[in-house]
Amino acid sequence: MIVEDVVSDEEIKAFKRDGAVVLRSRFSEDWLALLRDGIDADLVRPTDNFTRHTKDPRAPAYFEDYWAWNKIPQFTQFVHNSPCAPLAAQLLGAPSINLVMDNWFLREAGSTSRPPFHQDLSYFDFEGTMCVLWLLLEPVTKENGIAFVKGSHLWDKLFMRVRFADGHPSYEPTEVAGLTYHPPPDVNADPGAFDLLQWDMNLGDCIFFDMRTLHGGLSSVTPTETVRRFTLRMTAPDGRIRYRGDWAKDERAQFEAEGYREGDRIGGTFFPQLWPRGLGLV
């Protein structure tokens, strides 16, 4: 294990306590360049999951694509060979790590779109001990990066899925399969009411956060240059497919087409094992 793969005890404690932790200098420029090349390739030939979140077709856009890891060779190389999985294994205290989902975001220069405050756990039909890697491909100041509500992963509360389109609706609490989903708090309306985590970040730095942690964009500053982010969701061996709501039916249809059903373990060809390496599709 090389030094970039090592997580300190303090970093593990911060992740468990706060729900998010910044790790410095964990990814070399070679890995970042590979991801930039992958996004460029994806833009030329997008997958079926490619999305433009900005409503106005004439405005600078906010783009996303996901589950592209097995379609874009650069992403395939990154998920299997970069430090992402051994870092996740240490933070989660897990003997093995499987990929749940890859995705990337691109915000064009001049775009006024920003991610709403949300909780990743409710977006897809998954449950288990999971974390998310957030990796910037350009430097970011804390004012223009992602903010995390400290400790919100321990609130024992589920929040409604919110679409990443301009104009985010609010919802009444909704019960699905015996679980209550609440509208996310309006952090942007009163950020001082929340204990927020934000970091200035350089190339090679990354954030890992718990799938339950509330996070989103605070800044309304319009970027003067295009910015790109790459994220991975990863799970410990207890990851399972679990119905969250009909809002996730389009994503669920993709892995059901591969033969996965309610209660199945997150593993196999659609959710390959990333760590330990070289053990096949477990």
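The structure under discussion appears in the preceding block.
The rules behind each value
- Residues numbered from 1 in each chain as written.
- Predicted model: local features only at pLDDT ≥ 70, side-chain atom pairs only at ≥ 80, totals over all residues.
- Heavy atoms only, no water.
- Buried < 20%, exposed > 50% of the residue type's maximum accessible area, 1.4 Å probe, protein only.
- Helix = DSSP H or I, 4+ residues; strand = E, 2+ residues; numbered from the N terminus.
- Pairing = 2+ DSSP bridges.
- Core = buried A, V, L, I, M, F, W, Y, C linked by side-chain atoms within 4.5 Å.
- Contact = heavy atoms within 4.5 Å.
- Salt bridge = Lys/Arg side-chain N within 4 Å of Asp/Glu carboxyl O.
- 1 Å grid on protein atoms, 1.4 Å probe; cavity = no way out; pocket = protein on both sides within 12 Å on 5 of 7 lines; lining within 4 Å.
- Points joined across faces, edges and corners; volume = space filled by probe spheres on them.
- Nonpolar A, V, L, I, M, F, W, Y, C, P; charged D, E, K, R; others polar.

Undergrad: Which residues make up the pairing of strand β7 (residues 146-149), and what values go with them?
TA: Burial along β7 is two-sided: Ile-146 and Phe-148 facing one way and Ala-147 and Val-149 facing the other are all buried. Of the strand pairs in this sheet, β7 and strand β13 (residues 215-217) are connected by three bridges, and their pairing is antiparallel. Bridging from a neighbouring strand, Ala-147 pairs with Gly-216 of β13. Across two bridges, the pairing between β7 and strand β11 (residues 196-197) is antiparallel. Each bridged residue has a counterpart across the sheet, and for Val-149 the counterpart in β11 is Leu-196.

Undergrad: Explain the nonpolar core residue by residue, including any values.
TA: Counting residues in hydrophobic clusters, the biggest one holds 77 residues, and the most contacted among them are Phe-27, Phe-78, Leu-133 and Phe-208. When near neighbours in sequence (up to four residues on either side) are disregarded, Phe-27 contacts Leu-32, Phe-78, Ser-82, Pro-83, Cys-84, Leu-87, Leu-133, Leu-135, Gly-204 and Cys-206. Grouped together as the second largest cluster of nonpolar side chains are six residues, Phe-117, Val-149, Phe-159 and Leu-214 included.

Undergrad: Before we move on, can you summarise the pattern of salt bridges with the specific residues and values?
TA: Inspection of every chain in the model, using the stated rule, returns 15 salt bridges. Salt-bridge contacts for Lys-13 lead to Glu-10; the nearest nitrogen and oxygen are separated by 3.7 Å. One end of the pair is Lys-13 and the other is Glu-10, both in helix α1 (residues 9-18) and three residues apart, which spans about a single turn. On the accessibility criterion, Lys-13 (48% relative accessible area) is partly exposed. Of the charged contacts in the structure, one is a salt bridge between Asp-120 and Arg-233, with a shortest N-O distance of 3.2 Å. You can see Asp-120 sitting in the loop between β4 (97-107) and β5 (126-127) and its partner Arg-233 sitting in strand β14 (residues 227-235), a full 113 residues away along the chain. Residue class for Asp-120 comes out buried when judged on its relative accessible area of 3%. The class of Arg-233 is buried, set by a relative accessible area of 7%. Taken together, the shared-partner salt bridges in this structure form one network comprising Asp-125, Glu-127, Arg-242, Arg-252, Glu-256 and Glu-262.

Undergrad: Break down empty space enclosed by the protein for me, citing the residues and quoting the values.
TA: In the structure shown here, the tally under the stated rule is one cavity of 30 Å³ or more. Its boundaries defined by the atoms lining it, the largest cavity holds a volume of some 30 Å³. Considering the residues around the largest cavity, the lining is formed by Trp-134, Val-140, Lys-142, Gly-145, Ile-146, Gln-198, Trp-199, Met-201 and Ile-207. When its residues are assigned to classes, the lining of the largest cavity shows six nonpolar, two polar and one charged.

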